[in-house]
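# Summary of the model geometry
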Amino acid sequence: KDAAAGAGRLEVTCRTERTSPVSEEGVAVTVKVGEEETVLRVFPGANGPLALRPRRPSADVGEKPPADYRELRTWRRTRFLAQTADTDLLVLGMEHPKVTAFELFDRTDVADELVFSREWLLSTCEHEWSLSGAALDVCDLETGDGFVFLRLAPMPGSRPEPCEDFAFGGNFSRGVAALANGYPVAELAYRGGAVGRTRALQAFQRCLRAYRPGRDGVFLSNTWGDGNRDARINEAFLLKEVAAGAELGVDVIQIDDGWQKGRSVNSAAVKRGGGTWGKYWDVDPDFWKVDPERFPRGLGPVVAAAKAKGLRFGLWFGPDSSNDFRHWEDDANCLLGYFREFGIEYFKMDSVTIRSGVGLERQERMFARMLEESKGAMTFDLDCTASVRPGFLGLADIGPLFVENRYIRPKDARLWRPQHTLRNLWKLSHVIDPVRLRMEVLNPLRHPELYGDDVLQPNRWPQDVPFAIALCASPLGWFEMSNLAPETVAAMKPLVARWKAERANVHGGFTHPVGAAPDGFAWTGFVTEAADGRGGYALLFREGSAASSYELDVSPYFAAAGAEVIGGRGTAAIAGGRLKVTVPSKLDFIWVHLR
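Keep in mind the model is a prediction, meaning the values are calculated, not measured. The numbers attached to residues start from 1 for each chain and follow its sequence in the written order. Totals for whole chains, interfaces and linings use every residue, but because this is a predicted model, local features are given only for residues with pLDDT of at least 70 and side-chain atom pairs only at 80 or more, for both listing and counting. Only hydrogens and water are set aside when side-chain values are computed; all heavy atoms of the structure are taken into account.

### Re the packing of aromatic side chains
In this description, a pair of aromatic rings is defined by centroid distance and the angle of the planes. The following threshold applies: Centres within 6.5 Å are what make two rings of Phe, Tyr or Trp a pair, Trp counting through its six-membered ring; a difference in plane orientation under 30 degrees is then read as stacked, over 60 as edge-to-face, and the rest as tilted. Exposed residues in this analysis have more than 50% of their type's maximum accessible area, buried residues have under 20%, and partly exposed residues fall in between, with area computed by a 1.4 Å probe over protein chains only. Only when the NZ atom of a Lys or the CZ atom of an Arg is both within 6 Å of the ring centre and within 35 degrees of the ring normal do we say a charge sits over the ring.
Applying the stated criterion across every chain yields a total of 24 aromatic pairs. When the centroid spacing of 5.8 Å and the interplanar angle of 75 degrees are considered together, the rings of Phe147 and Phe149 count as edge-to-face. With a relative accessible area of 13%, Phe147 lands in the buried category. In this structure an aromatic cluster arises from ring pairing among Trp259, Trp277, Tyr280, Phe287, Trp288, Trp316, Phe317, Tyr338 and Phe342. Against the face of Phe166 rests Arg151, its NZ or CZ located 5.7 Å from the ring centre. Taking the ring centre of Trp499 as reference, the NZ or CZ of Arg503 above it sits at 4.8 Å.

Next up, the structure:
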């Protein structure tokens, strides 16, 4: 239409390519009119395209709506027209549409409710609405058919410039639109209601980062969670961690802040107000060299000890945020150096602060270069706990999301409670592929005095439950492994071993949250459609519920003829597509393989 109106010559090109070394191969269709360009990426494994359009001027997101009712109606319509003028307004033919908006929050050091949703039955008398968010779902309640928009952008509160993502209306147009705000958006069709939506969202995210067994969904350890910070980090301590990690069954030993020569503000070795955060190269060009006092022989002996036991290695790192990441090439060269010299593939990326679109673009270029030169082997845990960062959807291809810092240590407001970790995983999995979520597993026996007589305190749960909570995700051993009690290792080790035997079938399939939202007193959990297409799994938690048994209809996910308990405690039986489980004790779980 633009070309016909004289806006310029229409050019359409099509090519086969990958968005990155870790993505599926797809087709990129570029449509250019004059100087403006739209790119559509189509993946065979996705139920719809990923669209990147230039940002269009739209109604001011900060504009205050009028108070008068009649003026408000006119204002909403005018604004809706302005917002949707340069994008595709999808007019709905459904008689009974339901719109659901999902808003996600990062900065989890100060937020513990991470997912909020709002629903509208899109009546013909409904106002026009626009909003910022991660996803917008439109489902025909009569048929279960629908489509969902997924915005690949930092969370709204972490964007260099505020912008809205979606608009929809009832009375005026009864349509929905993904606004052209400069960030890519996927539009995915599905059938089967919420079950189909989950499949579509997870399948699409794996188009951006194809699931690779052995690289993704691994059990990674990091000693920072025990609260000693970097006080114990040295060669002798890490050699103990390697031995303990091999015994427990971890895949990757990761050193957090403290392995490097420079000192950050979080180091236990500096006085309050000392150290640096985000200006590493200016403070010391040798900041990211290995600490010669803590590791006088370098990292070689520790890495070699890990490899000898079949383990891999990881490091904490902080990209230099100063001057819009002007040192991004230095950061990339540094990590590529550790990858090439020692084969280190796993990096926790922390201390990022994005201040502009230029900064976000340089972060994208930094990760793209490292993925390219490592042929997709380097994996980055993107910290989502603080500051202004790409968050859950801003960089969806680089690796897992380090979701939260929770601790069992005195005078810390971020006190760990198992049901809260379970709740965050359960709620995030409505939008985010669980294998992308690095969920913490803490030592449940630490500092019971901090919880008083709390009936849900960690040491009242069986000691394998913390790992069970994370097994549908990417587990993070957030503890000093050499400091675990023998009974904790004995309880956790068999579950870790069984999980490692099943995880490719779990992570390669689709995982759905089921039951009630976890709150400490519910029946809740997950159902996974197995990657091999032969049934699946049910992971169910009896929190503080008084009911010892629970029934679940698994027929929307797969057909099942038999049930085998492979973890936890209790009994399970399947009949007529319904799974009935019994878990004798509160605060316990059962993991069932359904054939």
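### Some points on the sheet that holds strand β29 (residues 588-594)
We count it as follows: Only strands that DSSP links by at least two bridges are regarded as paired with each other. Segments assigned H or I by DSSP are reported as helices when at least four residues long, segments assigned E as strands when at least two residues long, and all are numbered from the N terminus. Interaxial angles span 0 to 180 degrees and are taken between N-to-C directions of axes, which are lines fitted to C-alpha atoms, for helices over the stretch in contact. Any pair of residues with heavy atoms lying within 4.5 Å of one another is described as a contacting pair.
Pairing within the open sheet is antiparallel, and its 5 strands lie in the order β22-β23-β24-β29-β26. On the outer flanks of this sheet lie β22 (510-515) and β26 (563-568), each paired with one strand and no other. On average, adjacent strands in this sheet sit at an angle of 20 degrees to one another, irrespective of strand direction. Two elements, strand β23 (residues 523-529) and strand β24 (residues 536-542), share 7 bridges in a ladder whose sense is antiparallel. When the bridges of β24 are listed, Phe526 appears paired with Leu539. Helix α2 (residues 193-208) contacts β22 and β23 of the sheet and is inclined by roughly 145 degrees relative to β22. Helix-sheet contacts for helix α10 (residues 418-428) involve β22, β23 and β24, and the interaxial angle to β23 is about 45 degrees.

### Re empty space enclosed by the protein
The test is simple: Buriedness for pockets is judged along seven lines, at least five of which must meet protein on both sides within 12 Å for an open set on the 1 Å grid over protein atoms alone, while cavities are sets there where a 1.4 Å probe fits but cannot get out, and lining residues have an atom within 4 Å of a point. Grid points are joined across faces, edges and corners, and a volume is the space filled by probe spheres set on the points. Each residue gets one label: Ala, Val, Leu, Ile, Met, Phe, Trp, Tyr, Cys and Pro are nonpolar, Asp, Glu, Lys and Arg are charged, and the others, such as Gly, are polar.
Enumeration according to the criterion identifies 5 cavities of 30 Å³ or more in this entry. Empty space within the largest cavity amounts to approximately 130 Å³. Residue lining of the largest cavity: 17 residues in total, with Arg209, Asp216, Gly217, Val435 and Arg436 positioned closest to the centre. Tallied by class, the residues present in the lining of the largest cavity amount to 6 nonpolar, 4 polar and 7 charged.

### Some points on the pattern of salt bridges
Working definition: two side chains of opposite charge can pair if their charged atoms are close together. Where we set the bar: Between Lys or Arg on one side and Asp or Glu on the other, a salt bridge is scored when a side-chain nitrogen of the former is within 4 Å of a carboxyl oxygen of the latter.
Per the counting criterion, the structure on display carries 44 salt bridges. With a closest N to O distance of 2.8 Å, Asp464 and Arg569 form a salt bridge. Taken as a pair, Asp464 in the loop between β20 (437-441) and α11 (465-470) and Arg569 in the loop between β26 and β27 (571-575) lie far apart in primary sequence, 105 residues in all. Owing to a relative accessible area of 7%, Asp464 belongs among the buried residues under this scheme. Close ionic contact of Arg498 with Glu564 constitutes a salt bridge, the shortest N to O distance being 4.0 Å. A residue pair is termed long-range when its members are at least 10 positions apart, and Arg498 in helix α12 (residues 486-507) and Glu564 in strand β26 qualify at 66 residues. With relative accessibility at 27%, the residue Arg498 sits in the partly exposed group.

### Observations regarding the packing of helix α3 (residues 235-248) against helix α5 (residues 300-308)
Put simply, the rule reads: The labels follow the angle: roughly parallel below 35 degrees, roughly antiparallel above 145, roughly perpendicular from 65 to 115, and oblique for the rest.
Following both chains from N to C, one finds α3 and α5 inclined at 5 degrees, their axes separated by 10 Å at the closest point. The angle between α3 and α5 places the two elements in the roughly parallel class. Residues Glu235, Leu238, Leu239 and Val242 of α3 lie in contact with α5, whose contacting residues are Pro301, Val302, Ala305 and Ala306. Of the residues belonging to the contact of α3 with α5, the class tally is 7 nonpolar, no polar and 1 charged.

In short, shape yes, function no, at least from these values alone.
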